[in-house]
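Survey of secondary and tertiary structure
Single-letter residue listing:
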Amino acid sequence: DAGVTQSPTHLIKTRGQHVTLRCSPISGHKSVSWYQQVLGQGPQFIFQYYEKEERGRGNFPDRFSARQFPNYSSELNVNALLLGDSALYLCASSFGAARTGELFFGEGSRLTVL
Amino acid sequence: GESVGLHLPTLSVQEGDNSIINCAYSNSASDYFIWYKQESGKGPQFIIDIRSNMDKRQGQRVTVLLNKTVKHLSLQIAATQPGDSAVYFCAEIYNQGGKLIFGQGTELSVKP
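This part covers the environment of A:D85. Residue and element names in this part refer to chain A. The residue D85 is located in the loop between β8 (74–78) and β9 (87–94) in this model. Relative accessible area serves as the criterion here: at 4%, D85 is assigned to the buried category. Through-space distance from the C-alpha of D85 to that of T112 is 7.7 Å; in sequence the pair is 27 residues apart. Leave out the neighbours within four places in its chain, and D85 touches Q36, R63, F64, V78, A80, L111 and V113. At 2.8 Å, the side chain of D85 and the side chain of R63 are in polar contact.

Written out as structure tokens, the structure reads:
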């Protein structure tokens, strides 16, 4: 069975550019969450979407946005990239939205901003 | 602010020994705790979880202990193997759904 898939796996951007990261959840999972993991630190929550609606938002600026599509896949968009946005962006899926610890993570998209 | 995890950044153990990885959490209202394993170049992998109404839970070669009095969580790995080498994160969930608060992590190194 396919796990959570993310694309691209690696990308390099320059400051001020825009990036779109994509995530396909495990089949049957309706919730997708996005996390940012800076090197040497634990993942930080960015967004959660369930049934195409935003269910939670972390402490990130408005340059970060996301959406979920009818097939439950998701996109994370980051505008006006800063050097500090360089990180591994993780997508995680789960069946439900609430009180679930068993999130299934993808391998991540590693973004480097120069 | 939100925070989980005071840690030993690196833990080195001999193959076959038991490992104990510790974590302190700050939010006494958290009701669900999870341990994740992250190997180099991969996403975090669920290991074991525990609810706040429990103080111990066992899995295959792993045990999680929760001490709510001192807000401390630990992961015990029995008979540590080279394949256990990874970074281990504790995480907590508030009563708000899918938002996980991760600690900084502990890197476990297993010597053959």
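Counted by the stated rule, this structure contains 2 disulfides over all chains. Across the disulfide from A:C23 sits A:C91; the S-S distance is 1.8 Å. Because the sign of the S-S torsion sets the handedness, a value of about -65° for the bond joining A:C23 and A:C91 places this disulfide among the left-handed ones. Taken together, the residues span a long stretch of sequence, with A:C23 in strand β3 (residues 19–24) and A:C91 in strand β9 at a distance of 68 residues. Among the residues examined, A:C23 registers a relative accessible area of 2% and is labelled buried. For A:C91, a relative accessible area of 0% corresponds to the buried category. B:C23 shares a disulfide with B:C90; S-S distance 1.8 Å.

A few words on the interface of chain B and chain A. Between chain B and chain A, the contact holds 21 residues from the first and 21 residues from the second. For the pair chain B and chain A, the summed buried surface comes to about 1,700 Å²; carbon and sulfur atoms form 52% of the total. Our enumeration of links across chain B and chain A arrives at 0 salt bridges. Those elements that place two or more of their residues in the side of chain B that touches chain A are β3 (32–38), β4 (45–51), β8 (86–93) and β9 (100–102) of chain B. The element contributing the most residues to the side of chain B that touches chain A is β3(B), with 4 residues. Tallied by class, residues from the side of chain B that touches chain A come to 9 nonpolar, 8 polar and 4 charged.

Here the focus is the sheet that holds strand β2 (residues 19–24) of chain B. All names here are of chain B. Spatially, the 4 strands line up as an open sheet ordered β2-β7-β6-β5, and their pairing is antiparallel. At either end of the open sheet lies a strand with only one pairing partner, and these are β2 and β5 (56–58). For this sheet, the mean inter-axis angle between neighbouring strands, taken without regard to orientation, is 15°. The pairing of strand β6 (residues 62–67) with strand β7 (residues 72–77) spans 6 bridges and is antiparallel. Along β7, the bridge assignment pairs T63 with Q76.

Rules and cut-offs
Position labels on residues start from 1 in each chain and follow its written sequence. Each chain takes a letter, starting from A, and each ligand takes a number, starting from 1, following the order in which they are written. Per-residue local features are limited, in this predicted model, to residues with pLDDT of at least 70; the limit for side-chain atom pairs, both in listing and counting, is 80 or more; totals at the level of whole chains, interfaces and linings are taken over all residues. Note: side-chain values were computed over all heavy atoms of the structure, leaving out hydrogens and water. Helix and strand labels come from DSSP, where a helix needs a run of H or I of at least four residues and a strand needs a run of E of at least two; each type is numbered from the N terminus. Three exposure classes are used, based on accessible area relative to the maximum for each residue type with a 1.4 Å probe and protein chains only: buried under 20%, partly exposed in between, and exposed over 50%. Whether two residues are in contact is decided by their heavy atoms: any pair within 4.5 Å suffices. Under this definition, polar contacts are N or O atom pairs within 3.5 Å; protein pairs additionally need one hydrogen-donor-capable and one acceptor-capable atom, and for neighbouring residues in sequence, both atoms have to be side-chain atoms. For this text, the term disulfide refers to a pair of cysteine sulfurs within 2.5 Å. Two parts placed together each lose some accessible area under a 1.4 Å probe, and the buried area is that loss summed for both. What makes a salt bridge here is a side-chain nitrogen of Lys or Arg within 4 Å of a carboxyl oxygen of Asp or Glu, nothing more. Following the grouping adopted for this structure description, the nonpolar residues are Ala, Val, Leu, Ile, Met, Phe, Trp, Tyr, Cys and Pro, the charged ones are Asp, Glu, Lys and Arg, and the polar ones are all others, Gly among them. For two strands to count as paired, DSSP must find a minimum of two bridges between them. Axes, fitted as lines to C-alpha atoms, cover a helix only where it is in contact. Angles between the N-to-C directions of the axes lie from 0 to 180 degrees.

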